[in-house]
Number of protein chains: 2
Amino acid sequence: MAPHPLDPATPEELEFAVNIIRKLYDVPIHFKTAGLEEPPKAEMKKYLEAEHAGQPVTPPNRWILVMYYLKRTPRLFEAIVDVTAGKIIHHKEMPRTHHAPVDRVELNEAAQVALADDRVKKELERLQLGDTAVVLDPWDYGKDDENEQRRLTQIFFYTRNPKNNSPDSNHYAFPLDFMAIVDLIEMKVVKICHLPLGAEPITTQHTGPRKLGNPEEPEYDHTLQSKPPRTTLKPLQVIQPDGASFKLTGRLIEWEKWRFRVGFNWREGMVLHDVTFDGRPVFYRLSLSEMFVPYGDPRDPLHRKGAFDLGNVGAGVTANDLSLGCDCLGVIAYLSGHVINAHGDVVAKNNCICIHEVDAGIQWKHTNHRTGKASVVRKRQLQLQTIITVANYEYIFYWVLDQSGEIEFETRATGILSTTPIDPDNTDKIPFATRVGNGVLAPYHQHIFNLRIDPAIDGHNNTLSYVDSVPMPQDPSLNPYGTGYMTKETKITTSSTVKTDPLAARIFKISNPSKINPVSLAPVAYKLVPISSQVLLANTDSWHHRRADFCDAPIWVTKYNDRELFPAGDYTNQSSGGEGIRSWVARNDNVENEDMVIWHTYTFTHNPRPEDFPIMPAESVRIALKPVGFFNYNPTMDVPPSNQAFNQSKLYDPTLQVGADSQVSELPAQVNGLHINGNGHVAANGVHGVNGANGTNGSCCSARS
Amino acid sequence: MAPHPLDPATPEELEFAVNIIRKLYDVPIHFKTAGLEEPPKAEMKKYLEAEHAGQPVTPPNRWILVMYYLKRTPRLFEAIVDVTAGKIIHHKEMPRTHHAPVDRVELNEAAQVALADDRVKKELERLQLGDTAVVLDPWDYGKDDENEQRRLTQIFFYTRNPKNNSPDSNHYAFPLDFMAIVDLIEMKVVKICHLPLGAEPITTQHTGPRKLGNPEEPEYDHTLQSKPPRTTLKPLQVIQPDGASFKLTGRLIEWEKWRFRVGFNWREGMVLHDVTFDGRPVFYRLSLSEMFVPYGDPRDPLHRKGAFDLGNVGAGVTANDLSLGCDCLGVIAYLSGHVINAHGDVVAKNNCICIHEVDAGIQWKHTNHRTGKASVVRKRQLQLQTIITVANYEYIFYWVLDQSGEIEFETRATGILSTTPIDPDNTDKIPFATRVGNGVLAPYHQHIFNLRIDPAIDGHNNTLSYVDSVPMPQDPSLNPYGTGYMTKETKITTSSTVKTDPLAARIFKISNPSKINPVSLAPVAYKLVPISSQVLLANTDSWHHRRADFCDAPIWVTKYNDRELFPAGDYTNQSSGGEGIRSWVARNDNVENEDMVIWHTYTFTHNPRPEDFPIMPAESVRIALKPVGFFNYNPTMDVPPSNQAFNQSKLYDPTLQVGADSQVSELPAQVNGLHINGNGHVAANGVHGVNGANGTNGSCCSARS
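Everything quoted here is computed from the prediction, not taken from an experiment.

1. With respect to the sheet that holds strand 6 (residues 152-159) of chain A
All names here are of chain A. What the 4 strands build is an open sheet, ordered 5-6-7-8; its pairing is antiparallel. The outermost strands of the open sheet, each flanked by one partner alone, are strand 5 (134-140) and strand 8 (188-194). Each neighbouring strand pair of the sheet contributes to a mean axis angle of 30°, computed without reference to strand direction.

2. Describing the environment of Ala110 of chain A
Residue and element names in this part refer to chain A. In this structure, Ala110 sits in helix 3 (residues 104-116). As for Ala110 and Phe77, which are separated by 33 residues in sequence, their C-alpha atoms are 22 Å apart. With residues up to four places along the chain from it excluded, the contact list for Ala110 reads Thr153, Ile155, Val182, Leu184 and Met187.

3. A look at the UniProt feature "modified residue: 2',4',5'-topaquinone" (unreviewed entry) in chain A
All names here are of chain A. On the UniProt side, "modified residue: 2',4',5'-topaquinone" (unreviewed entry) is annotated at positions that read Tyr393 here. As for its position among the elements, Tyr393 is in strand 19 (residues 393-402). For Tyr393, a relative accessible area of 3% puts it in the buried group. Setting aside its immediate chain neighbours within four residues, Tyr393 contacts Ile388, Ala413, Thr414, Gly415, Ile416, Leu417, His445, His447, His606 and Met616. In this structure the side chain of Tyr393 is engaged in a polar contact, spanning 3.4 Å, whose partner is the side chain of His445.

4. Section: the environment of Gln648 of chain B
Residues and elements named next belong to chain B. Along the chain, Gln648 turns up in the loop between helix 8 (644-647) and strand 33 (650-651). Remark: the alpha-carbon pair of Gln648 and Leu382, spanning 266 residues in sequence, is separated by 21 Å. A distance of 2.9 Å separates a polar side-chain atom of Gln648 from the backbone oxygen of Ala645.

5. Looking at the pattern of salt bridges
Going through the model one piece at a time under the given rule, you end up with 100 salt bridges over all chains. A salt bridge links Asp458 of chain A to Arg280 of chain A; the nearest nitrogen and oxygen atoms lie 2.6 Å apart. Here Asp458 of chain A, found in the loop between strand 24 (445-455) and strand 25 (463-471), pairs with Arg280 of chain A, found in strand 14 (residues 280-294); they are 178 residues apart in sequence, far enough to count as distant. The closest approach of N and O atoms between Glu564 of chain B and Arg587 of chain B, which form a salt bridge, is 2.7 Å. With Glu564 of chain B in the loop between strand 30 (555-559) and helix 7 (581-585) and Arg587 of chain B in the loop between helix 7 and strand 31 (596-606), this pair connects stretches of sequence that are 23 residues apart. Relative accessible area serves as the criterion here: at 34%, Arg587 of chain B is assigned to the partly exposed category. Each member of the salt-bridge network shares a partner with another, and the members are Lys32, Asp103, Glu106 and Arg151 of chain A.

6. Brief notes about the relation of the copies chain A and chain B
In the superposition of chain A on chain B (RMSD 0.0 Å, axial shift 0.0 Å), the rotation amounts to 180°. These values place the two chain copies in the arrangement generated by a two-fold rotation axis. In terms of C-alpha distance to the rotation axis, chain A has Val238 of chain A as its closest residue, with the C-alpha 2.3 Å off the axis. By residue overlap, the copies meet face to face through one surface: 100% of the interface positions of chain A are interface positions in chain B.

7. Brief notes about the interface of chain A and chain B
Taken together, the contacts link 246 residues of chain A with 247 residues of chain B. Together chain A and chain B conceal approximately 20,500 Å² of surface at their shared face, both sides included; 54% is due to carbon and sulfur atoms. When the buried surface of chain A facing chain B is broken down by residue, Arg104, Arg230 and Tyr485 of chain A rank first, second and third, together holding 5% of it. For the pair chain A and chain B, the number of links is 12 salt bridges. Linking Lys365 of chain B and Asp327 of chain A is a salt bridge whose minimum nitrogen-to-oxygen distance equals 3.0 Å. The tally of links from chain A across to chain B stands at 122 residue pairs in polar contact (both at pLDDT 80 or more). Take the side of chain A that touches chain B: its biggest share by element is 18 residues, from strand 17 (residues 346-368) of chain A. The sheet contact formed by strand 9 (residues 237-239) of chain A and strand 9 (residues 237-239) of chain B spans 3 bridges and is antiparallel.

8. Section: the side chain of Thr33 of chain B
Residue and element names in this part refer to chain B. Mapped onto the secondary structure, Thr33 falls in strand 1 (residues 29-37). Classification of Thr33 as buried rests on a relative accessible area of 4%. Apart from the residues within four sequence positions on either side, Thr33 is in contact with Leu65, Val66, Met67, Pro101, Trp266 and Ile340.

9. Concerning the domain arrangement of chain A
Residue and element names in this part refer to chain A. Once the domains are mapped, chain A shows domain 1 (11-93) and domain 2 (239-627). Once you take the C-alpha centre of each, domain 1 and domain 2 turn out to be 28 Å apart. Across the contact, 26 residues belong to domain 1 and 25 residues belong to domain 2. Taking both sides of the interface into account, the surface hidden between domain 1 and domain 2 amounts to around 2,200 Å²; carbon and sulfur atoms contribute 55%. Applying the counting rule to domain 1 against domain 2 returns 7 salt bridges. Notably, a salt bridge pairs Glu51 with Arg261, separated by 3.3 Å at the nearest N-O pair. Where domain 1 packs against domain 2, one counts 11 residue pairs in polar contact (both at pLDDT 80 or more). Mapped by element, the contributors of at least two residues to the side of domain 1 that touches domain 2 are helix 1 (11-23), strand 1 (29-37), helix 2 (41-52), strand 2 (63-70) and strand 3 (76-82). Broken down by element, the side of domain 1 that touches domain 2 gets its largest block of residues, 7 residues, from strand 1.

10. Quick notes on the sheet that holds strand 23 (residues 440-443) of chain A
All names here are of chain A. In spatial order, the strands read 21-23-22; together these 3 strands make up an open sheet with antiparallel pairing. Each edge of the open sheet is held by one strand with a lone partner, namely strand 21 (420-421) and strand 22 (433-437). Sheet topology places strand 22 next to strand 23; 4 bridges connect them, and they run antiparallel. The residue of strand 23 that forms the bridge with Gly437 is Val440.

11. Description of the packing of aromatic side chains
Applying the stated criterion across every chain yields a total of 52 aromatic pairs over all chains. Ring geometry for Trp258 of chain A against Phe277 of chain A: centres 4.8 Å apart, planes inclined by 80°, an arrangement best described as edge-to-face. Highlighted residues: Trp258 of chain A in strand 12 (residues 258-265) and Phe277 of chain A in strand 13 (residues 269-277), separated in sequence by 19 residues. For the residue pair Trp258 of chain A and Phe277 of chain A, the accessibility class agrees, reading buried in each case. The interplanar angle of 50° and the centroid separation of 6.3 Å between the aromatic rings of Phe31 of chain B and Tyr68 of chain B together place this pair among those described as tilted. Residue Phe31 of chain B is located in strand 1, and its partner Tyr68 of chain B is located in strand 2 (residues 63-70); the two are separated by 37 residues in the primary sequence.

12. A closer look at the confidence of the model for chain A
The predicted coordinates should not be examined in detail at positions where pLDDT is low. Residues and elements named next belong to chain A. In the predicted model, chain A carries a mean pLDDT of 92, and 93% of its residues have values of at least 70. Note that residues 657-705 has pLDDT below 50 and, in this model, 145 contacts with residues that lie over four places away or in other chains. The complex model carries a pTM of 0.94, and its ipTM stands at 0.93.

Conventions and cut-offs
- Residues numbered from 1 in each chain as written.
- Chains lettered and ligands numbered in written order.
- Predicted model: local features only at pLDDT ≥ 70, side-chain atom pairs only at ≥ 80, totals over all residues.
- Heavy atoms only, no water.
- Pairing = 2+ DSSP bridges.
- Helix = DSSP H or I, 4+ residues; strand = E, 2+ residues; numbered from the N terminus.
- Axes fitted to C-alpha atoms, helices over the stretch in contact; angles between N-to-C directions.
- Contact = heavy atoms within 4.5 Å.
- UniProt positions renumbered as here; feature names shortened; annotations may be inferred.
- Buried < 20%, exposed > 50% of the residue type's maximum accessible area, 1.4 Å probe, protein only.
- Polar contact = N/O pair within 3.5 Å; in protein donor to acceptor, adjacent residues only side chain to side chain.
- Salt bridge = Lys/Arg side-chain N within 4 Å of Asp/Glu carboxyl O.
- Least-squares fit on C-alpha atoms with pLDDT ≥ 70 in both.
- Buried area = accessible area lost by both parts, 1.4 Å probe.
- Domains from an automatic or database assignment.
- Phe/Tyr/Trp six-rings, centres within 6.5 Å; stacked < 30°, edge-to-face > 60°.
- pLDDT = per-residue confidence, 0-100.

Take a look at the structure:
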């Protein structure tokens with residue numbers, strides 16, 4: 001069966017594209033990336049229109065975008081291979097200022113080279129590490145010099161936990177006091193730097209042996225911890241006796257009036273395409289577009305730490321193989337994807353997306369106090385989760401769809417802090433970092449994300465406006481008592497940035513001016529409920545700022561253009577900036593009643609806590625997209641009522657020890673406290689009034705039985 | 001068994017207190033409220049210290065606070081009855097400016113009086129309603145006149161749905177065009193007003209019959225809806241085969257190192273007392289303290305709509321009787337409470353608090369890409385939920401505790417909009433309201449809540465500071481590349497208000513200056529992660545602003561004083577203001593290293609959507625309290641790993657129709673998409689480097705098996 005035009009690259013397509021490139025040269029190729037180059041939107045609009053109408057037309061050709069180097073040279077190329085037609089339709093050598101993403105193969109080689117370097121050996125001897133194994137963390141290099149065009153990596157040194165020397169010990173609890181810079185083309189160490197061990201920037205070289213710190217609990221791996229796991233937690237299982245409520249056909253998901261496709265590529269990982277509700281288009285494409293992690297530690301050589309985790313590494317490349325019963329509960333479906341490695345081999349990313357339903361509490365409830373009848377509907381959600389591991393750090397991303405037409409995007413940050421050493425006896429106040437263990441310093445840093453929202457609210461031509469709630473002017477006839485307030489809507493007519501403003505209850509409305517809601521008499525719309533957070537803290541003349549285009553404003557609006565997917569530019573590794581969203585916004589395109597794209601930048605400003613070590617309890621935020629006059633009334637009206645027959649809850653049994661059997665029988669509803677008879681009430685006169693002390697807040701079950 | 005000093009009033013205690021008051025008079029008493037008057041904090045500190053140390057001392061006497069009127073008079077009294085000693089220890093007649101909360105009995109009587117009034121009858125005849133039953137919504141009156149001291153209620157008129165005339169039909173879809181004001185002492189109608197039917201303030205009286213609107217789906221009650229419920233949703237059950245992980249003893253809850261007591265009273269409903277983690281005090285008392293719902297519709301007579309739902313009615317009085325399998329899933333424990341009605345009878349509020357565990361996804365995860373080993377720990381939470389029904393509206397409040405030492409307070413708003421009529425043919429732009437159905441207008445309004453936080457971070461003397469993240473100054477030696485940023489901490493030394501500032505990543509730190517964290521070398525602390533939202537929009541010279549003390553700033557800090565629990569004052573009904581938190585802050589008390597209280601005001605600015613009708617999909621927000629250097633390391637390290645043996649998830653089965661059996665057998669992990677062999681990888685050299693395309697993101701299960 002032929003892939004859908006929006007399906008990810010198949011292994012066969014990737015191999016075909018790689019082989020076409022191989023055939024061009026008789027020198028070895030260092031492959032970097034390959035994945036689907038999506039069809040131009042103009043073509044896809046036609047295709048999807050026909051598909052939605054049930055009259056499928058011939059799909060556009062399948063294209064694969066490949067990035068590669070001539071091995072051991074700075075010569076970088078990008079090519080688009082039309083695998084349907086069997087030919088290269090785009091082929092370009094990139095300027096020397098451009099660098100492709102890092103890859104495991106070259107970084108591992110660089111680490112081996114570093115370990116073999118005499119100066120590194122001398123440093124390790126100085127430190128007198130005994131039998132404890134050394135662990136190296138190669139980092140993408142960053143940028144601090146206009147003229148530096150070599151492809152470089154910076155390598156930080158750690159050891160395993162001396163107490164166990166285990167390959168699974170948490171080496172971030174045992175940082176060493178020097179680092180090395182390796183040229184990835186020459187494959188040799190070009191510089192060694194000593195790291196500061198106190199608040200002051202380093203002045204002298206370190207001479208003595210390692211002064212080992214002693215973190216209280218350095219290990220996250222249960223098998224290496226000093227104490228056994230607690231035994232107090234009893235199982236909690238999500239059981240779906242009749243299976244899931246969603247239907248998965250290839251990459252097409254249908255669930256509770258939602259219909260959409262799940263894409264995947266090396267860079268963005270999970271992507272949602274062609275999202276419709278009840279047959280009405282809502283979004284053309286939804287994806288995390290980029291991520292920048294600048295560190296606040298100003299001390300040379302740590303000032304370069306600032307990684308574009310999507311552009312430099314890839315959310316698809318680093319996606320976890322998710323496991324049943326570990327990463328989610330209930331009935332789980334998995335989707336996989338494929339990438340390539342440096343040799344051009346296809347690598348399967350198995351089970352890199354999991355799909356399951358969640359109960360999120362109450363969707364709506366009302367008790368009619370006049371009759372005591374309660375109506376309750378629960379909030380069922382569909383979650384699509386992907387988890388990426390970027391060296392020390394983990395990110396969990398998931399899309400959450402619900403029955404009310406809402407879509408949320410949740411970001412969770414967990415994993416291990418990137419640490420640097422501090423003299424265990426040092427007690428200086430460090431204004432830009434936190435001590436997270438004896439001898440272990442965790443610098444402040446930001447995680448700055450950008451969510452790309454390509455809307456299609458009942459069609460592709462939409463308008464973004466922001467709506468504030470503001471007091472009505474004092475006016476003897478219109479606002480005589482000063483109690484009135486109103487909304488103020490401002491349309492975004494040309495490509496630009498917009499600030500968030502929670503103190504004005506600002507929402508961002510994506511509307512379709514050519515479709516009026518018959519109830520509200522306003523254009524049909526969705527609203528973006530953004531995360532109001534901090535922009536990039538690095539100075540505006542810093543390299544961080546020059547390179548991280550999208551990080552100094554929360555909301556960006558651009559006119560849609562093909563191949564404008566990545567707001568810090570297509571090539572972020574050691575980048576110089578200037579090719580990202582700032583330049584697109586500067587075009588001053590019309591974006592009113594236009595095919596436009598909204599980009600939402602949001603930030604975790606992460607000033608570590610001791611509680612974030614040795615591993616970090618997940619921090620999470622959610623962005624919401626909600627209908628606002630898209631529907632004529634609450635679309636969950638017909639969700640069946642919540643009741644015990646369906647939900648099978650159990651009453652807490654204070655006498656219960658262990659074993660499921662005793663859970664089966666139900667106890668009287670009242671398990672605690674003194675009681676006069678439950679009917680010691682005023683008779684409900686069943687008329688009206690505020691709900692008071694007559695206890696007629698009935699139960700939904702009793703009202704339904 | 002004697003109640004704990006912090007346990008809610010028992011039925012016996014309430015009856016005893018009511019009878020002592022009854023005996024004082026030979027005229028009839030109109031009782032308003034009765035509940036526990038908590039012991040002075042000075043006494044409780046001693047008692048809890050001894051209790052924590054396992055050397056219980058004699059508990060303080062039990063006190064009951066009673067509010068009552070001499071029936072049909074404006075004479076209002078408050079009394080504190082010492083039920084242990086059997087005597088009244090405080091007794092005071094309140095000034096005429098003070099009014100007790102509304103109650104069902106008097107409001108029902110007022111509604112009957114209105115229906116019997118000739119002018120009301122004439123209006124109903126004019127409207128020609130036929131057989132459709134009239135429904136009355138009495139509202140607390142509000143305030144718009146300095147000299148108005150009568151106890152009043154304002155009554156809005158609706159009808160049932162003419163199509164079904166059912167007592168459970170949604171009358172808010174069928175508003176009438178007039179309202180009445182009733183004197184609650186004289187028990188007679190004192191005024192009739194016609195309501196505006198367009199954007200303009202009303203100028204003339206209405207003369208014609210009702211012009212009936214035709215909302216598309218007016219009914220939330222499934223049995224009255226035009227369409228049957230959908231059948232697409234399959235059951236999702238939370239099963240805890242070994243029961244719950246928490247222990248409930250009376251009102252004491254112990255769960256995963258947490259220990260606390262659950263209080264209850266007519267006004268605040270659920271209250272948490274004496275919250276400790278691993279034996280260390282964290283919070284003395286946590287409660288929702290007040291709530292104000294001002295409407296933005298400026299038009300007379302709607303300008304008065306502004307209700308204090310706690311002070312005027314009571315979150316305990318309106319608490320729902322929660323039902324197994326309707327309001328939550330899993331193994332549920334319930335707690336009950338007691339209030340009194342207008343006759344002084346004790347009324348049981350059965351099952352008004354439910355307690356259960358929730359799985360909230362992943363708590364932490366890391367994959368060691370060097371070995372492929374993944375460690376995953378799930379985020380188990382304990383939730384305590386209460387749901388209140390205030391006439392048309394529902395609020396869901398719950399406390400969420402987790403294993404990492406975090407406490408969250410979630411607020412959900414649902415229920416039915418308070419509506420007013422609009423001419424079905426009118427098409428004016430209404431700047432302060434939304435059409436939610438033909439003929440039905442829903443005015444903009446705000447829900448302004450205040451959460452009272454009485455901390456005890458390792459002791460009662462704490463300091464509040466706010467911490468911003470700010471760029472480091474450009475400095476050739478200290479910040480040579482402009483990448484550095486730092487935190488700036490500002491201590492609150494005297495009682496005052498503080499602004500939120502998400503753009504500075506501002507957090508509010510509650511620390512204990514006399515206890516230093518040995519890892520961070522900073523005082524142990526918790527942080528408040530506030531909701532940054534809009535303050536009261538009504539003008540500062542409006543009655544709304546004068547009365548709603550707490551609504552014009554997000555954070556308030558006061559020195560602790562007994563009987564300072566309610567930030568808009570003890571008597572909010574028809575209040576004039578001046579007795580709330582503004583006056584406490586004005587004392588300029590020292591609050592540094594003091595027993596102080598933090599008050600967090602947060603707002604839903606609710607500009608209705610058509611999607612919010614006929615019933616509103618829940619809107620929710622969460623406030624978080626998180627340890628920040630309270631612990632030496634992540635307190636969840638010893639939570640057992642997440643694995644399939646414990647969680648029993650099932651793989652999605654595309655062939656499954658219905659029936660649980662076919663769920664049992666598991667399919668191969670790969671259910672979708674083409675695959676080359678999963679080992680088509682680069683061999684992992686098991687050393688280091690960023691996590692790349694070598695696919696060693698192992699699964700936790702495989703790593704554990």
